[in-house]
Amino acid sequence: MVDVHCHLNFKVFDNDFDGMIKKAKEAGVSTIINVGTSLETSLKAVELAAKYKNLYAIVGIHPHHADKLEEDWQDKLKKIAQSQKVVAMGEIGLDYYSYQSNGIVDPKIQRKVFETQIQMAHELSLPLQIHNRHAGEDIIEILKAHKNVLPKAPGMLHCFAGSLDVLRSALNLGFCIGFDGNITYKGLAPGETVSLSDLCRNTPIDRIVTETDAPFLSPEPHRGGRNEPSYVIITGAKIAEIKAISQNEVDLKTTENAKRIFNI
Ligand SMILES: [Zn+2]
Ligand SMILES: [Zn+2]
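Residues numbered from 1 in each chain as written. Chains lettered and ligands numbered in written order. Predicted model: local features only at pLDDT ≥ 70, side-chain atom pairs only at ≥ 80, totals over all residues. Heavy atoms only, no water.

Tallied over the full model, the rule gives three aromatic pairs. The interplanar angle of 75° and the centroid separation of 5.8 Å between the aromatic rings of Phe 10 and Phe 216 together place this pair among those described as edge-to-face. Taken together, the positions of Phe 10 in the loop between strand 1 (2-6) and helix 1 (17-27) and Phe 216 in the loop between strand 8 (208-210) and helix 8 (232-243) put the pair 206 residues apart, joining distant regions of the chain. On the numbers, 5.3 Å between centres and 50° between planes, the contact of Phe 17 with Tyr 52 is tilted. (Phe/Tyr/Trp six-rings, centres within 6.5 Å; stacked < 30°, edge-to-face > 60°. Helix = DSSP H or I, 4+ residues; strand = E, 2+ residues; numbered from the N terminus.)

Let's shift gears to the coordination of the zinc ion (ligand 2). Looking at the zinc ion (ligand 2), the protein donor atoms are His 5 (NE2), His 7 (NE2), Glu 91 (OE) and Asp 213 (OD), and they sit 2.1 to 2.3 Å from it. Considering all four donor atoms around the zinc ion (ligand 2), the spread of angles at the metal, 86 to 173°, places the coordination shape in the irregular class. Positions of the donor residues of the zinc ion (ligand 2) along the chain correspond to the pattern H-x1-H-x83-E-x121-D. Taken as a pair, the zinc ion (ligand 2) and the zinc ion (ligand 1) show a spacing of 3.5 Å, with Glu 91 coordinating each metal. Of this pair, His 5 sits in strand 1 while Glu 91 is found in strand 4 (residues 86-95), placing the two residues 86 residues apart along the sequence. Using a relative accessible area of 0% as the deciding quantity, one classes His 5 as buried. Take Glu 91: its relative accessible area is 3%, and that puts it in the buried class. (Donors = N, O, S within 2.8 Å, 3.2 Å for Na, K, Ca; no water. Tetrahedral: all angles 85-135°; square planar, octahedral: opposite > 155°, others 65-115°. Buried < 20%, exposed > 50% of the residue type's maximum accessible area, 1.4 Å probe, protein only.)

Next up on the list: the nonpolar core. Grouped together as the largest cluster of nonpolar side chains are 53 residues, with contacts concentrated most on Phe 114, Ile 118, Leu 128, Leu 143, Phe 175 and Phe 179. Sorting elements by how many residues they give to this core places helix 4 (residues 107-124) first, with six residues. Ignoring sequence-local partners within four residues, the contact set of Phe 175 consists of Leu 128, Ile 130, Leu 143, Leu 150, Pro 154, Gly 155, Met 156, Leu 157, Ala 170 and Arg 207. Phe 13, Val 29, Leu 55 and Ala 214 belong to the second largest nonpolar core, which has 15 residues in total. (Core = buried A, V, L, I, M, F, W, Y, C linked by side-chain atoms within 4.5 Å. Contact = heavy atoms within 4.5 Å.)

Here the focus is the coordination of the zinc ion (ligand 1). Within the protein, the zinc ion (ligand 1) binds to Glu 91 (OE), His 131 (ND1) and His 158 (NE2); these donor distances fall in the range 2.0 Å. Along the chain, the residues donating to the zinc ion (ligand 1) fall in the pattern E-x39-H-x26-H.

The subject of this paragraph is the pattern of salt bridges. By the definition in use, this model includes 15 salt bridges. Between Arg 223 and Glu 220 there is a salt bridge whose closest N-O contact spans 4.0 Å. On the accessibility criterion, Arg 223 (46% relative accessible area) is partly exposed. Glu 220 gets classed as partly exposed once you look at its relative accessible area, which sits at 32%. Sharing partners across several salt bridges, the network here consists of Asp 16, Lys 23, Arg 226 and Glu 228. (Salt bridge = Lys/Arg side-chain N within 4 Å of Asp/Glu carboxyl O.)

Read these as spatial facts, not as claims about activity.
As structure tokens, this is what we get:
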């Protein structure tokens, strides 16, 4: 299987990095894609990808960091994005949820930074890995407006949540959909109206990719603890259960999808 979205560049992994990578491999995770959220963590993702054969990098500015950028951020990001083993621009997008650790960044600034990175991805021929929280309609509107600069395999919406309408629009635009460990949680997340199981049921298997968002969103029974790439297997098992297909088929299809999107 592939973990298409995790943050192993965060400090919480520093002490047992090699062990964690080994554990993932032994569990059946062939490829791990590590995602930056700022210039600093994007650079770290590139450095880690250079050190480990099965590790790739995605680089970009998360909407939470959109208001903390210096004037020359575009030049710096563009340079990082041209490094070896960079497979997409992400996580980029919009976030309208107010977190304890992060208030809502001015949506105008978020939008500008998102659109700038869509254009940059176009110039570098990279697909997109999109972050969306409570901003699905605006994201779809922006993607539609940029349809002519999206690659043929445009990328994916990571850690998907939202309405069936947003899901259908994303699929119509050619995007894949990422599901995480929170698909094992009971009930709806705050502000959501459709369960992740229902969203998964409405996504064809040839459009689903698996991810952990580690260190966040540990699946049951590890909920509350540190997440890590080996747990992507649990998400795969849950998807198999929801779609009433074998775990092996989920593994084969989602791995194929990830390799197609990211050209691995
Ligand atoms: Zn995200
Ligand atoms: Zn993330």
